[in-house]
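# Close look at the chain arrangement
One letter stands for each residue in the lines below.
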Amino acid sequence: QVIQTSTPLAEVVSRLQDQPRLFVSVFGFVGGIVTRTDLQKPPVRMWLFGMITLIEMRMNDLIREGLADEEWKQYLSDGRLAKAEELRAERTRRQLPVTLLDCLQFSDKCQIIARHEPLRDQTRFQSRRQVEDAGKRLERLRNDLAHSQDIVVNDWDAVVELSSNLETMLQNTFKSS
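A short tour of the structure in this document, coming up.

Reading the values: the criteria
Residues numbered from 1 in each chain as written. Predicted model: local features only at pLDDT ≥ 70, side-chain atom pairs only at ≥ 80, totals over all residues. Heavy atoms only, no water. Buried < 20%, exposed > 50% of the residue type's maximum accessible area, 1.4 Å probe, protein only. Helix = DSSP H or I, 4+ residues; strand = E, 2+ residues; numbered from the N terminus. Contact = heavy atoms within 4.5 Å. Salt bridge = Lys/Arg side-chain N within 4 Å of Asp/Glu carboxyl O. Disulfide = S-S within 2.5 Å. Core = buried A, V, L, I, M, F, W, Y, C linked by side-chain atoms within 4.5 Å. Patch = residues over 30% accessible without salt bridge, like charges linked within 9 Å, V, L, I, M, F, W, Y side chains within 5 Å. Areas by Shrake-Rupley, 256 points an atom, 1.4 Å probe, with all protein chains shown as cover. Pairing = 2+ DSSP bridges. Axes fitted to C-alpha atoms, helices over the stretch in contact; angles between N-to-C directions. Right-handed = clockwise from strand over helix to strand, strands pointing away.

### Quick word on helix 4 (residues 106–115)
- For helix 4, a buried count of 8 out of 10 residues is recorded, marking the element as mostly surrounded by other parts of the structure.
- Here the buried face of helix 4 lies against helix 2 (42–66), helix 3 (78–93), helix 5 (117–120) and helix 6 (128–146).

### Description of unusual backbone geometry
- The phi angle at D69 is positive, at roughly 50°, despite the residue not being glycine.
- Backbone geometry at S148 places phi at a positive 55°, although glycine is not the residue there.
- Residue class for S148 comes out exposed when judged on its relative accessible area of 60%.

### A look at the pattern of salt bridges
- Overall, the coordinates contain 18 salt bridges when judged by the stated rule.
- For R124, the salt bridge identified is with E161, shortest N-O distance 3.2 Å. Pair noted here: R124 is in the loop between helix 5 and helix 6 and E161 is in helix 7 (residues 151–164), with a separation of 37 residues, a long-range link.
- By relative accessible area, which is 28% here, R124 ends up partly exposed.
- The partner of E139 in a salt bridge is R142, and the shortest N-O contact between them spans 4.0 Å. On the criterion of helical spacing, the pair formed by E139 and R142 is a turn pair, its members being 3 residues apart in helix 6. As far as the burial class goes, E139 and R142 line up, both buried.
- Salt bridges sharing common partners tie together E56, K109, E139 and R142.

### Some thoughts on the state of the cysteines
- Going through the model one piece at a time under the given rule, you end up with 0 disulfides.
- No disulfide involves C103; its sulfur sits 17 Å from that of C110, the nearest cysteine.
- Overall, the relative accessible area of 2% leaves C103 in the buried class.
- The class for C110 is buried, based on a relative accessible area of 6%.

### Section: the nonpolar core
- Within the largest apolar cluster, 45 residues are counted, with the highest numbers of intra-cluster contacts made by I63, W72, I112, L141, W156 and L162.
- Counting residues per element, the ones that place at least two in this core are helix 1 (9–16), strand 2 (21–26), helix 2, helix 3, helix 4, helix 6 and helix 7.
- With 8 residues, the single largest contributor to this core is helix 2.

### Some details on a nonpolar patch on the surface
- On the surface, V26, F27 and F29 cluster together into a nonpolar patch covering about 400 Å² of accessible area.
- Structurally, V26 is set in strand 2.

### A word on the sheet that holds strand 3 (residues 29–35)
- One open sheet accounts for 3 strands, arranged 1-2-3; its pairing is mixed. This sheet does not close on itself; its edge strands, each paired only once, are strand 1 (2–4) and strand 3. Neighbouring strand axes in the sheet, compared pairwise and without regard to direction, differ in orientation by 40° on average.
- Bridging between strand 2 and strand 3 involves 6 bridges; their strand directions are antiparallel. What sits directly across from V26, in strand 3, is F29.
- Strand contacts of helix 1: strand 1, strand 2 and strand 3, with the helix running at about 140° to strand 2, the strand carrying the most contacts.

### Remarks on the pairing of strand 2
- Sheet topology note: the strand 1/strand 2 ladder contains 3 bridges and is parallel. By the bridge assignment, V2 is partnered in strand 2 with F23.
- Between the parallel pair strand 1 and strand 2, the chain is carried across by helix 1, and the sense of this crossover is right-handed.
- Between the antiparallel neighbours strand 2 and strand 3 lie 2 residues, among them F27 with a positive phi of about 55°.

Set out below in structure tokens:
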């Protein structure tokens with residue numbers, strides 16, 4: 001139950017899954033305590049949000065590399081495409097250079113990857129359902145982080161999964177072809 005001040009955050013989160021608290025060793029003595037509640041603090045929230053942002057960037061790359069000329073449109077409903085077109089029109093009006101893919105929501109990108117088998121095969125997921133479920137958990141966590149909601153109560157499983165599989169998620173989940 002004792003960790004060092006240098007213990008990586010991902011390991012702290014993983015260990016907090018089984019322990020209500022961890023003691024922090026400072027110069028050989030217990031000098032602090034860490035609980036799940038500490039994960040609500042801004043540095044941890046920013047770290048988690050950053051990880052989700054990196055995953056979303058990899059999804060963009062995967063779609064761009066795997067589906068040429070906006071071929072991905074076929075995997076979204078007309079309503080979702082209309083929303084993306086509206087956002088692109090607004091950004092274009094503000095003279096922001098942006099592609100239609102850049103205007104998709106996180107869930108839209110997950111749907112494309114889930115529904116296009118060659119893209120899904122480049123992920124760590126075995127089925128469409130697994131991609132959709134992981135996408136929903138990450139999107140809910142991202143939204144809760146962005147809107148200052150309680151991530152320990154609402155999203156603990158997603159926090160643990162993201163932290164525990166961080167290396168895999170960043171390197172292999174959406175690996176390039």
